[in-house]
Amino acid sequence: MKVADKNKKGRILSGMRPTGRLHFGNYTGALENWVKLQKEYENFHLVADWHVLTTNYENTRNIANDTIDMVIDWIGAGIDPEESPMFIQSKIKEHAELHLIFSMLVTLNRLERNPTVKEQIKELHLEEKVSYGHLGYPVLQAADILIYKANLVPVGEDQKPHVEITREIARRFNNLHGEVFPIPEVKLTEFSRLPGTDGKRMSKSLGNIILLTDEPAEIERKIMSAITDPQKIKLGDPGRPEICVVYTYHSKFNTEERDEIAADCRSGALGCVECKKRLSKKLIDFMEPFRENRAYFLEHLDEIKDILLQGEKRAREIAVKTMNDVHKTMNLG
Ligand code: TRP
């Protein structure tokens with residue numbers, strides 16, 4: 001069993017709420033970085049099922065299936081279960097204990113100022129009925145990160161305010177009780193907020209996503225209906241790639257052709273239909289391994305369960321040790 005690995009630069013902890021099959025935004029926002037960094041760092045990845053309850057406590061029916069679907073896509077992206085343990089947050093009860101301890105170290109006022117939680121409250125119209133647990137979302141996240149003494153947290157832009165609170169809590173704990181926790185750094189990707197096909201933030205609830213495991217015909221249909229520069233109506237009209245969603249996707253997934261596409265769009269030589277066809281082809285090729293991986297695991301679901309169980313064992317070992325450190329420095333128990 002692997003514990004702190006001396007050949008690595010440090011430890012990563014990152015996770016996602018189980019939302020089922022993943023989309024491109026999830027990939028470019030965080031997952032891609034997890035894969036890139038897994039050789040350099042010791043990676044731990046958690047399925048944040050308790051975090052789902054903060055906004056969805058009435059309906060928990062899909063959590064188990066969504067967990068499996070999400071983990072299949074993590075593996076499809078290249079997360080190697082041998083190298084990088086993946087596990088379910090609610091299986092490691094120590095997170096809940098550390099969350100409770102941390103909840104004393106942060107003021108309500110500080111939590112109310114968190115822009116990501118604020119945005120969520122507004123989007124879901126929860127102004128008058130935000131729960132105690134929901135406000136504490138970043139406190140639970142701090143427990144997730146710090147219980148593994150992580151040094152680096154690769155996440156999307158929206159998660160930055162949470163990691164900032166994690167850093168404050170770690171400093172405060174260390175000052176009060178003694179050095180237990182490293183102060184973790186955030187790591188963002190270049191395409192941290194990939195737009196959806198309608199130009200807004202890519203999000204399941206907005207119906208503007210492309211799944212990593214969409215079928216080719218589905219990908220093509222979505223790309224063909226994506227918005228482009230509204231001033232470019234027909235072939236020959238000059239376009240503005242910098243405001244075009246289709247070009248944003250080219251610049252991420254079609255790096256060899258992107259300069260040529262930008263120039264031909266601007267001159268008017270390249271029409272939107274042709275430009276979209278070229279993009280669809282690229283995306284379909286790019287996503288082939290995700291579709292194959294999913295087809296395999298749908299026939300071998302036991303392997304996913306086993307991966308999560310192995311991950312859980314490795315995670316628990318570290319979480320229990322950290323809690324011993326916490327108990328000792330705080331003279332608890
Ligand atoms: N809040 C993250 C999200 O919405 C999920 C998450 C929970 C997380 N705990 C974490 C991310 C710890 C990074 C580190 O996707």
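Residues numbered from 1 in each chain as written. Predicted model: local features only at pLDDT ≥ 70, side-chain atom pairs only at ≥ 80, totals over all residues. Heavy atoms only, no water.

Enquirer: Any chance you could break down the packing of aromatic side chains for me, citing the residues and the numbers?
Expert: Within the structure shown, the criterion is met by 13 aromatic pairs. Considering the side-chain rings of Phe102 and Phe173, the 6.3 Å spacing of their centres and the 75° angle between planes classify their relative orientation as edge-to-face. Here Phe173 lies in helix α9 (residues 160-177) and Phe102 lies in helix α4 (residues 94-102), a separation of 71 residues in the sequence. Judged on exposure class, the residue Phe102 and its partner Phe173 are both buried. Arranged with centres 6.1 Å apart and planes meeting at 45°, the rings of Phe286 and Phe290 form a pair that is tilted. Note that Phe286 and Phe290 are positioned in helix α13 (residues 272-299) at a spacing of four residues, about one turn of the helix. (Phe/Tyr/Trp six-rings, centres within 6.5 Å; stacked < 30°, edge-to-face > 60°. Helix = DSSP H or I, 4+ residues; strand = E, 2+ residues; numbered from the N terminus. Buried < 20%, exposed > 50% of the residue type's maximum accessible area, 1.4 Å probe, protein only.)

Enquirer: I'd like a description of the side chain of Asp144, backed by residues and values.
Expert: Within the fold, Asp144 resides in helix α8 (residues 137-146). No salt bridge is formed by the buried Asp144; its nearest oppositely charged neighbour, Arg17, is found at 9.8 Å. Excluding its chain neighbours within four sequence positions, the residues that come into contact with Asp144 are Leu13, Leu46, His51, Gln89 and His95. (Lys, Arg positive; Asp, Glu negative; His and termini not counted. Salt bridge = Lys/Arg side-chain N within 4 Å of Asp/Glu carboxyl O. Contact = heavy atoms within 4.5 Å.)

Enquirer: If you had to explain the pairing of strand β2 (residues 42-47) to someone new, which residues and values would you point to?
Expert: Summarising burial for β2: six of the six residues are buried, a large majority. Along β2, one buried face is formed by Glu42, Phe44 and Leu46 and the opposite face, lined by Asn43, His45 and Val47, is buried too. Relative to β2, strand β1 (residues 11-16) is paired through six bridges, and the arrangement is parallel. Looking at the pairing, Arg11 lines up with Glu42 of β2. Regarding topology, helix α1 (residues 24-37) serves as the crossover connection from β1 to the parallel β2, and that connection is right-handed. (Pairing = 2+ DSSP bridges. Right-handed = clockwise from strand over helix to strand, strands pointing away.)

Enquirer: Any chance you could break down the layout of surface pockets for me, citing the residues and the numbers?
Expert: Considered as a void within the structure, the second largest pocket measures approximately 400 Å³ in volume. Contributing to the lining of the second largest pocket are 19 residues, with His99, Tyr132, Gly133, Gly136 and Tyr137 lying nearest its centre. Breaking the lining of the second largest pocket down by element, the ones donating at least two residues are α2 (49-56), α4, α5 (108-112), α7 (132-135) and α8. Top contributing element to the lining of the second largest pocket by residue count: α2, with four residues. (1 Å grid on protein atoms, 1.4 Å probe; cavity = no way out; pocket = protein on both sides within 12 Å on 5 of 7 lines; lining within 4 Å. Points joined across faces, edges and corners; volume = space filled by probe spheres on them.)

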